[in-house]
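Letter by letter, the chains look like this.
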Amino acid sequence: MTAATAHLDVEAIRADFPALTRTVRNGNQLVYLDSGATSQKPFQVLDAERTFYERHNGAAHRGTHLLGEEATDAYEGAREKVAAFIGAQPGEVVFTKNATEAINLVAYAMSNATVTGARGSERFRVLPGDEILVTEMEHHANLVPWQQLCERTGATLRWLGVTPDGRLDLDHLDDMITGRTRIVAVTHQSNVTGTVPPVADITRAAHEKGALVLADAAQSVPHQPVDVAALGVDFLAFSAHKMLGPYGIGVLFGRADLLEAMPPFLTGGSMIEVVRMEGSTFLPPPQRFEPGVPAVAEAAGLAAAVDYLAGLGMCNVAAHEESLTEHALDTLREINGVRILGPDTTKDRGGAVSFEVQGVHPHDVGQVLDELGIAVRTGHHCAWPLHRALGVQASTRATFYVYNTHAEVEALAEGIRYAQRFFGARQ
Amino acid sequence: MQLESMYQEIILDHYRNPHHKGLRDPFDAEVHHVNPVCGDEVTLRVTLKDVDGEPVVQDLSYDSLGCSISQASASVMSDLMIGRPVGEAMRISQVFLDLMKSRGADVPDEDVLEDAVAFAGVSKYPARIKCALLAWMAWKDATAQAMDRQGEVTR
């Protein structure tokens, strides 16, 4: 089987990723099936960071020297690229540390609006008796910040459940979103089951009741075309390191009128307008939400990652992953004693395939696969409530990306069979 | 393949047929410990008795969910601890802890650790050390609580 698919020239892509050429345990070639945790990085991204440090390193948005000017251009240029990539305006893109910080930014801005009563921020206030709606499918990053917001404000956390096949249970959506719902926080693609909930429909329902909507897009923006206008969401969060980019930088998209009215989360330099001992005023967004010297090299790396993905075409990326996912679902389904969590077709489902192997704990499955050079994730994948809802303690997860091949899917299946034999599990 | 160095026959035997598993009454202290990385959990009970003024582990029972390493470790540990004076048992658990921190460099003493020497290979895999230590940490915690309670009773 050649590495080329109808959608991507995978062989050419793989040549861009130095990590994929290394050998791992027992001299095996690395089979990297853990891009849902973090993706590998192409030369183009590594070069962009290196070039920034070698040629243009200066602090953005301060100083009058040439390097500072170039750094500012690199940083703001990255913002424009990211904005275009998701159909937003540059002013609607806030750089954060990662998706987790982006979600916390909104949650803390909401409690800051509640505590300080900043003028114009009524929209964000959360009072006792108000409600926050999440889902049982969330990554802890889109659950714990909302639990904590409820603790700080006296609001009530409510959640949508999941169906046995790992879809969001939307039967009671209209009852769950009430006039007291302040914000609905929902994943745009489950990091465990790959489920893609109908975020646009949920958003319409939420907006009818006057609630805000935040989508956790950490697993969607890297893998499918995402257009914030089509989704209609108010906020969207994702991380660079899951989309071929570097660690340490993430994105919060926020609708312009909302960011304009939202109080800051973290404060300090770079985000102020006038500072007096008695108090300070703040810059307009996005700077209002970006205190401190920004991560410019990381932004340059993210911009290179966006260029790389845009060059492949996100429709091609999604189609390639769909073909791998379909192959994985078909192949794993054939193995006795393997139960796939989540939807069993690729309809509204991305490339995360989590499964349990009867009689072999996920840690042990992962250990055996690691000995064969196959890197997967094991455990609850930061989605403990979802695992509970699906009736498992933990699972093994394979995730696919632009550089994965059908041969690697076969290697995974062979590795699972080997693990079953090793532990004498029923086959 | 290195797999056999981690999954020694002793470990797989204990995993398939764990010793002393199942919660028993009465008990002096009960703890519940989890490995936050994977969700593995153990509920562990300790019963102490006084033998000539020295506390001895009369019984140790547990119920657990987890991987082969964590299950086998609980089984091996209970074999070692039951019937042993608490002071000696604590010393053994320190030896095991040191072995787990050794990154494969320690040559374990079979006279002290008995079947637990089989876990030497696990210490080469940092991601799995917590699995091996889960039950041991629960035992230390439960025993400390049981000792506190005994102290309160005799005071």
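The shown structure was predicted, so the numbers you read here are calculated from the model rather than taken from an experiment. (Residues numbered from 1 in each chain as written. Chains lettered and ligands numbered in written order. Predicted model: local features only at pLDDT ≥ 70, side-chain atom pairs only at ≥ 80, totals over all residues.)

1. A look at the overall build of chain A
(1) Moving on: Each helix and strand counted, chain A has 14 helices and 15 strands in total.
(2) Moving on: Whereas a compact globule of 427 residues would reach a radius of gyration of roughly 22 Å, chain A reaches 22 Å, a difference of no more than 12%.
(3) Moving on: In terms of overall dimensions, chain A has C-alpha extents of about 70 × 55 × 35 Å along its principal axes.
(4) Moving on: Across the 427 residues in chain A, those meeting the buried criterion constitute 53%.
(5) Moving on: Put simply, of all contacts in chain A between residues at least 6 apart along the chain, 71% involve residues at least 24 apart. (Helix = DSSP H or I, 4+ residues; strand = E, 2+ residues; numbered from the N terminus. Rg over C-alpha atoms; globule rule 2.2 N^0.38 Å. Buried ≥ 20, exposed ≤ 12 C-beta atoms within 10 Å, placed from the backbone. Contact = placed C-beta atoms within 7 Å.)

2. Comments concerning the overall build of chain B
(1) Moving on: Of the regular secondary structure elements, chain B holds six helices and three strands.
(2) Moving on: Its C-alpha radius of gyration of 15 Å places chain B within 12% of the 15 Å reference for a compact globule of 155 residues.
(3) Moving on: For the C-alpha atoms alone, the extent of chain B along its principal axes is close to 55 × 30 × 25 Å.
(4) Moving on: Counting every position in chain B, which comprises 155 residues, the buried fraction comes to 40%.
(5) Moving on: Considering only contacts within chain B whose residues lie at least 6 apart along the sequence, 65% involve residues at least 24 apart.

3. Some words on the sheet that holds strand S2 (residues 93-96) of chain A
All names here are of chain A.
(1) Moving on: Strand order in the open sheet made by the seven strands is S2-S8-S7-S6-S5-S3-S4, with mixed pairing throughout. The sheet is open, and its two borders are formed by S2 and strand S4 (156-160), each paired with just one other strand. Neighbouring strand axes in the sheet, compared pairwise and without regard to direction, differ in orientation by 20° on average.
(2) Moving on: In the sheet, strand S3 (residues 131-135) pairs with S4 via five bridges, with the strands oriented parallel. Bridge pairing links Leu133 to Arg158 in S4.
(3) Moving on: Most of the contacts of helix H3 (residues 66-86) go to S2, to which it runs at about 115°, and overall it touches S2, strand S7 (235-239) and strand S8 (250-254).
(4) Moving on: Packing of helix H7 (residues 199-208) onto the sheet brings it into contact with strand S5 (181-187) and strand S6 (212-216), and relative to S5 it is tilted by some 175°. (Pairing = 2+ DSSP bridges. Axes fitted to C-alpha atoms, helices over the stretch in contact; angles between N-to-C directions.)

4. Looking at the nonpolar core
Side chains that are nonpolar tend, in soluble globular proteins, to be buried together.
(1) Moving on: Within the largest apolar cluster, 127 residues are counted, with the highest numbers of intra-cluster contacts made by Leu214, Ala237 and Ala299 of chain A.
(2) Moving on: It is helix H10 (residues 296-312) of chain A that provides the largest number of residues to this core, a total of 11 residues.
(3) Moving on: Counting contributing residues, this core receives three or more from each of domain 1 (10-32 + 313-422) and domain 2 (48-310) of chain A.
(4) Moving on: If you look at the next biggest cluster of nonpolar residues, it comprises 41 residues, including Tyr7, Leu48, Val122 and Ala135 of chain B. (Core = buried A, V, L, I, M, F, W, Y, C linked by C-beta atoms within 7 Å. Domains from an automatic or database assignment.)

5. Some points on the sheet that holds strand S11 (residues 338-341) of chain A
Residue and element names in this part refer to chain A.
(1) Moving on: Taken together, four strands build an open sheet; the order of strands is S11-S12-S15-S14 and the sheet is antiparallel. Here the strands that pair on one side only, and so sit at the sheet edges, are S11 and strand S14 (377-379). Direction aside, the axes of adjacent strands within the sheet are offset by 30° on average.
(2) Moving on: Where strand S12 (residues 352-357) lies against strand S15 (residues 395-399), four bridges are found, and the strand directions are antiparallel. The partner of Val353 across the bridge, within S15, is Ala398.
(3) Moving on: Those strands touched by helix H11 (residues 314-333) are S11, S12 and S15, and its axis lies near 10° from that of S12.

6. A look at the environment of Lys41 of chain A
Residue and element names in this part refer to chain A.
(1) Moving on: Its location among the elements puts Lys41 in the loop between strand S1 (31-32) and helix H2 (43-56).
(2) Moving on: Using a count of 23 C-beta atoms within 10 Å as the deciding quantity, one classes Lys41 as buried.
(3) Moving on: Taking the C-alpha atoms as reference points, Lys41 and Phe17, separated by 24 residues in sequence, lie 6.1 Å from one another.
(4) Moving on: Setting aside anything within four residues of it in sequence, one finds Lys41 in contact with Leu46, Leu244 and Pro246.

7. Describing the packing of helix H12 (residues 362-371) of chain A against helix H14 (residues 406-422) of chain A
Residue and element names in this part refer to chain A.
(1) Moving on: At a closest axis distance of 9 Å, the pairing of H12 and H14 adopts a crossing angle of 115°. For the crossing formed where H12 meets H14, the hand is right-handed. Two secondary-structure elements touch here, H12 through Asp364, Val365, Val368 and Leu369 and H14 through Gly415, Ile416, Tyr418, Ala419 and Phe422.
(2) Moving on: Taken together, the residues of the contact of H12 with H14 break down into seven nonpolar, one polar and one charged. (Left-handed = near helix turned anticlockwise from the far one by under 90°. Nonpolar A, V, L, I, M, F, W, Y, C, P; charged D, E, K, R; others polar.)

8. Some thoughts on the interface of chain A and chain B
(1) Moving on: Contact residues are listed per partner, giving 15 residues for chain A and 12 residues for chain B.
(2) Moving on: Looking at the side of chain A that touches chain B, the elements with two or more residues in it are H12 and S14 of chain A.
(3) Moving on: Broken down by element, the side of chain A that touches chain B gets its largest block of residues, five residues, from H12 of chain A.
(4) Moving on: Class assignment of the residues belonging to the side of chain A that touches chain B gives a composition of four nonpolar, eight polar and three charged.

9. Observations regarding the domain arrangement of chain A
Residues and elements named next belong to chain A.
(1) Moving on: For chain A, the assigned domains read domain 1 (10-32 + 313-422) and domain 2 (48-310).
(2) Moving on: Using C-alpha coordinates to define each centre, domain 1 is positioned 29 Å away from domain 2.
(3) Moving on: Taken together, the contact between domain 1 and domain 2 spans 25 residues of the former and 24 residues of the latter.
(4) Moving on: Broken down by secondary-structure element, the contributors of at least two residues to the side of domain 1 that touches domain 2 are H11, S12 and helix H13 (384-389).
(5) Moving on: A per-element tally of the side of domain 1 that touches domain 2 places H11 first, with six residues.
(6) Moving on: Taken together, the residues that form the side of domain 1 that touches domain 2 break down as 14 nonpolar, six polar and five charged.

10. Notes on H10 of chain A
All names here are of chain A.
(1) Moving on: The end-to-end C-alpha distance of H10, which contains 17 residues, comes to 24 Å, matching closely the 24 Å that a straight helix rising 1.5 Å per residue would cover.
(2) Moving on: Burial within H10 is extensive, with 13 of its 17 residues counted as buried.
(3) Moving on: One or two residues past the end of H10 sits Gly313, with phi positive at roughly 90°. (Expected span 1.5 Å × (residues − 1).)

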